[in-house]
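# Residue-level structure breakdown
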Amino acid sequence: MLKGDTPQTGEPENTGSPRHVAIIMDGNGRWAAARGLPRAEGHRRGVEALRKVLRAAHELGISYLTIFSFSSENWSRPASEIGDLFGLLRRFIRNDLASLHSDGVCVRIIGEREGLEPDIKALLKEAEDLTRHNTRLTLVVAFNYGSRHEIAHAAQRLAVEVAEGKRDPATITAETLGSYLDAPDIPDPDLIIRTSGEQRLSNFLMWQAAYSELVFVPIHWPDFDKAALEGAIAEYATRERRFGGLIAKTGS
């Protein structure tokens, strides 16, 4: 059987408690600017906020947490800022990987790895390999990630199968294409949160977000904490998720 002939993971089971939360961590630079601090300090404080949210996710029973850490569009930023961001990634993995592993966190990376510096690729692989069998929480890190590229790459892989005579084009369905995305075994996010007040997805999980609930919070990412996460989940709990139907699906 060709890859893609098995449908993706099904719909979430509980509208009151999201199984998968995804976060666009926005506002580090604005947080720093409002305090007269360099942008690098905003990014550093953003890493501290991530640590808080990871602990909160454990406590709130979230199974999957996806974070948008570096988009494919971020390469247009000044080289010094990109260097700061990569430096933070290096330190985060070196300093936090052992504790993530002991806490039962499984780290998954989505995004394009070609063109990354060798030590960055090695660190990403190390994080995945060390934590592969952990089951308490799956942390999905979208790094050098863009949703349009992810979808285009999936289409390219299917096109190759068709060109090689391995697949009939008539067998390509939405489920098939979805299974060629970066992490097809992970359920679609129930809740997507964006901080800093901006109200757009910015090329993040556009395929997977088809039926996600979107919550936009006005605070900048460095100020996001467990209380803010609980507030977003409380907003999510008020939504009726119909998945295109007439009756809300509440699960068992």
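Cut-offs applied
- Residues numbered from 1 in each chain as written.
- Predicted model: local features only at pLDDT ≥ 70, side-chain atom pairs only at ≥ 80, totals over all residues.
- Heavy atoms only, no water.
- Helix = DSSP H or I, 4+ residues; strand = E, 2+ residues; numbered from the N terminus.
- Buried < 20%, exposed > 50% of the residue type's maximum accessible area, 1.4 Å probe, protein only.
- Polar contact = N/O pair within 3.5 Å; in protein donor to acceptor, adjacent residues only side chain to side chain.
- Contact = heavy atoms within 4.5 Å.
- Pairing = 2+ DSSP bridges.
- Right-handed = clockwise from strand over helix to strand, strands pointing away.
- Domains from an automatic or database assignment.
- Buried area = accessible area lost by both parts, 1.4 Å probe.
- Salt bridge = Lys/Arg side-chain N within 4 Å of Asp/Glu carboxyl O.
- Nonpolar A, V, L, I, M, F, W, Y, C, P; charged D, E, K, R; others polar.
- Axes fitted to C-alpha atoms, helices over the stretch in contact; angles between N-to-C directions.

Within the secondary structure layout, Thr-66 lies in strand β2 (residues 64–71). The exposure class of Thr-66 is buried, given its relative accessible area of 2%. At 2.8 Å, the side chain of Thr-66 forms a polar contact with the side chain of His-20. Excluding its chain neighbours within four sequence positions, the residues that come into contact with Thr-66 are His-20, Val-21, Ala-22, Ile-23, Val-140, Phe-204 and Leu-205.

Moving on to the pairing of strand β3 (residues 105–110). Of all 6 residues in β3, 5 are buried; the element is thus mostly enclosed. In this sheet, strand β4 (residues 137–145) lies alongside β3 in parallel orientation, the contact comprising 6 bridges. Opposite Ile-109, over in β4, you have Val-141 as the bridge partner. Between the parallel elements β3 and β4, the chain passes through helix α4 (residues 118–131) in a crossover that is left-handed.

Taken domain by domain, the protein chain comprises domain 1 (20–145 + 188–237) and domain 2 (149–181). Centre-to-centre, using C-alpha coordinates, domain 1 lies 29 Å away from domain 2. Overall, the association of domain 1 and domain 2 removes approximately 520 Å² of surface from exposure, summing both partners, and the carbon and sulfur fraction of that is 67%. For the pair domain 1 and domain 2, the interface holds 0 salt bridges. Here the residues of the side of domain 1 that touches domain 2 are counted per class, giving 2 nonpolar, 1 polar and 1 charged.

Moving on, we get to the sheet that holds β3. One open sheet holds the 6 strands; their spatial order is β3-β4-β2-β1-β5-β6, and the pairing between them is parallel. On the outer flanks of this sheet lie β3 and β6 (213–216), each paired with one strand and no other. Looking at each pair of strands side by side, their axes are set apart by 20° on average, direction ignored. Against the sheet, helix α7 (residues 226–237) engages β1 (20–24), β5 (191–194) and β6, with an angle of about 135° to β5.

Where burial is concerned, most of β4 is hidden: 9 out of the 9 residues are buried. Pairing of β2 with β4, which is carried by 7 bridges, proceeds in the parallel orientation. Each residue of the ladder has a partner; that of Tyr-64, found in β4, is Thr-138.

Before going further, it helps to spend a moment on the pattern of salt bridges. In total, this model carries 21 salt bridges according to the counting rule given. Ionic pairing is found between Arg-90 and Asp-119, a salt bridge with its closest N-O pair at 2.6 Å. Separated by 29 residues along the polypeptide, Arg-90 in helix α3 (residues 79–102) and Asp-119 in helix α4 bring together distant segments of the chain. We classify Asp-119 as partly exposed; its relative accessible area is 28%.

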